[in-house]
Amino acid sequence: QVWAVESGGGLVQPGRSLRLSCAASGRTFSTSGMGWFRQAPGKERELVAGINFSGRTYYADSVKGRFTISSDNAKNTVYLQMNSLRPEDSAVYYCNVDFQFGPLRAGDYWGQGTQVTVSS
């Protein structure tokens, strides 16, 4: 059984930083990547960043230069360091633990989500 648990969300002022973590179990990282998605109220869920087993990364244009995705394969954990946060970054952030890096497509297994709110 595959599961994932996110942590690290919260309320932060514009320009500040947050670090999200997602610990997964029951997946084989050698055959899949991991990704972070977000969904704001009234909007579709969108891909923020992804990483494959070899460390290759992808970022949405809206977060390039501000967010960094990394992983600890031994711990089956993926991180999202978010710097210079903006109000438009406010959303529920979800990790996807069987992310298909090639086609940049989400797999079937998601964490429960963690709320990020950027506001003064």
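Cut-offs applied
- Residue positions within a chain follow its written sequence, with the count starting from 1.
- With pLDDT at 70 or above as the cut-off, local features in this predicted model cover only qualifying residues; side-chain atom pairs require 80 or more to be listed or tallied, and sums for whole chains, interfaces and linings still use all residues.
- Based on all heavy atoms of the structure, the side-chain values leave hydrogens and waters out of the count.
- Elements are defined by DSSP. Helices are runs of H or I of four residues or more, strands are runs of E of two residues or more, and each kind is numbered from the N terminus.
- Remark: exposure states derive from per-residue accessible area (1.4 Å probe, protein chains only) relative to the maximum for the residue type, with buried under 20%, exposed over 50%, and partly exposed in between.
- Contact between two residues is taken to exist if any of their heavy atoms lie within 4.5 Å; hydrogens are not considered.
- What pLDDT expresses is the predictor's confidence in each residue, scored from 0 to 100.
- Any two strands with at least two DSSP-identified bridges between them are counted as paired.
- A fitted line through C-alpha atoms serves as each axis, taken over the contacting stretch for helices, and the angle formed by two N-to-C directions is quoted from 0 to 180°.

1. A look at the environment of G35
With respect to the secondary-structure elements, G35 resides in strand β4 (residues 33-39). For G35, a relative accessible area of 0% gives the class buried. Those residues in contact with G35, other than ones at most four positions away along the chain, are A49, G50, Y94, C95, N96 and F99.

2. Here we look at the environment of Y58
Within the secondary structure, Y58 sits in strand β6 (residues 57-59). Once the C-alpha coordinates of Y58 and G9 are considered, the two residues, 49 residues apart in sequence, prove to be 21 Å apart. Among residues more than four places away in sequence, those in contact with Y58 are L47, V48, A49, G50, F101 and L104.

3. Some remarks on the confidence of the model for the protein
Mean pLDDT over the protein stands at 92; residues scoring 70 or higher make up 96%. Mean pLDDT in the protein bottoms out at strand β1 (residues 3-7), which sits at 90, and peaks at strand β2 (residues 10-12), which reaches 98.

4. Focus: the pairing of strand β9 (residues 91-99)
β9 sits mainly inside the fold: eight of its nine residues count as buried. Bridge count between β4 and β9: six bridges; the pairing is antiparallel. Paired with W36 across the strands is C95, a residue of β9. Bridge analysis of β9 against strand β10 (residues 114-118) gives three bridges, and the strand direction is antiparallel. Bridge pairing links Y93 to T114 in β10.

5. Description of the sheet that holds β9
By definition, the strands of a sheet pair up through backbone hydrogen bonds, in either a parallel or an antiparallel sense. Spatially, β2-β10-β9-β4-β5-β6 is the arrangement adopted by the six strands of the open sheet, whose pairing is mixed. Edge positions in the sheet fall to β2 and β6, since each of these pairs with one other strand and no more. Across the sheet, the axes of successive neighbouring strands diverge by a mean angle of 25 degrees, strand direction being ignored. Direction of pairing for β4 relative to strand β5 (residues 46-51): antiparallel, over a ladder of five bridges. For W36, the partnering residue across the bridge sits in β5 and is A49.

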